[in-house]
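Per-entry structural report
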Amino acid sequence: MSDSISVKDLKFYQPLDTLSADNLSEISRKLKVMQITRGDNIMLQGDNTENHVYLRDGVIDVTENGRKVRGIKAGSEEARQALAHIITSNQQAVARTNVSVFSVDSDLLDMM
């Protein structure tokens, strides 16, 4: 799995789809890609991340109090948004399959 994401692929995600090609190029150079093993946590209940984390590949389960609430598949409409925007603070995200996520610095996005 590549540690970079093309400008074209970044345009899938929100609010990245509203940015210029130059801004997306900068984000592409600065983002961090992470591989998560099946069964590992991506976000824990109460997490407060300063970054926008997006699902790139694979499937995650959103759980609450140990019960699965729903699944989110990379490439789906729901996966266009940062995980923190679709998972409430009393839920957590667990990798159902091996997944790839990428993180964009929120301060960088705010400057754009």
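Summary of the structure given here. Computed from a predicted structure; not experimentally measured. (Residues numbered from 1 in each chain as written. Predicted model: local features only at pLDDT ≥ 70, side-chain atom pairs only at ≥ 80, totals over all residues. Heavy atoms only, no water.)

As for the packing of aromatic side chains
- Scanning the model with the defined rule gives 4 aromatic pairs in all.
- An aromatic cluster of at least three residues, connected via ring pairs, comprises Phe12, Tyr13, Tyr54 and Phe102.
- Looking at Arg80, its charged tip hangs above the ring of Phe12, at a distance of 5.4 Å from the centre. (Phe/Tyr/Trp six-rings, centres within 6.5 Å; stacked < 30°, edge-to-face > 60°. Lys NZ or Arg CZ within 6 Å of the ring centre and 35° of its normal.)

Overview of unusual backbone geometry
- Pro15 follows Gln14 through a cis peptide bond whose omega is 5 degrees.
- Note on placement: Pro15 falls in the loop between α1 (7-10) and α2 (21-30). (Helix = DSSP H or I, 4+ residues; strand = E, 2+ residues; numbered from the N terminus.)

A look at the environment of Ser76
- Of note, Ser76 is situated in the loop between β5 (67-73) and α3 (83-86).
- Sequence separation of Ser76 and Leu55 is 21 residues, and the distance between their C-alpha atoms is 9.7 Å.

Thoughts on the nonpolar core
- One finds Ile42, Leu55, Ile60, Leu83, Ile87 and Val99 to be the most contacted residues of the largest nonpolar core, which totals 17 residues.
- The set of elements that each furnish at least two residues to this core consists of β2 (41-43), β3 (51-57), β4 (59-64), α3, β6 (92-95) and β7 (99-105).
- Apart from residues no more than four positions distant in its own chain, Ile87 is found in contact with Met43, Ile60, Val62, Arg70, Gln92 and Ala93.
- Within the second largest apolar cluster, 15 residues are counted, among which are Leu31, Val33, Leu108 and Leu109. (Core = buried A, V, L, I, M, F, W, Y, C linked by side-chain atoms within 4.5 Å. Buried < 20%, exposed > 50% of the residue type's maximum accessible area, 1.4 Å probe, protein only. Contact = heavy atoms within 4.5 Å.)

Some thoughts on the sheet that holds β2
- With antiparallel pairing, 4 strands are arranged side by side in an open sheet as β2-β6-β4-β5. Of all strands in the sheet, those with a lone pairing partner are β2 and β5, marking the two edges. Strand-to-strand, the axes of this sheet are offset by a mean angle of 35 degrees, without reference to chain direction.
- Across 4 bridges, β4 lies against β6 in antiparallel orientation. Each residue of the ladder has a partner; that of Val62, found in β6, is Ala93. (Pairing = 2+ DSSP bridges. Axes fitted to C-alpha atoms, helices over the stretch in contact; angles between N-to-C directions.)

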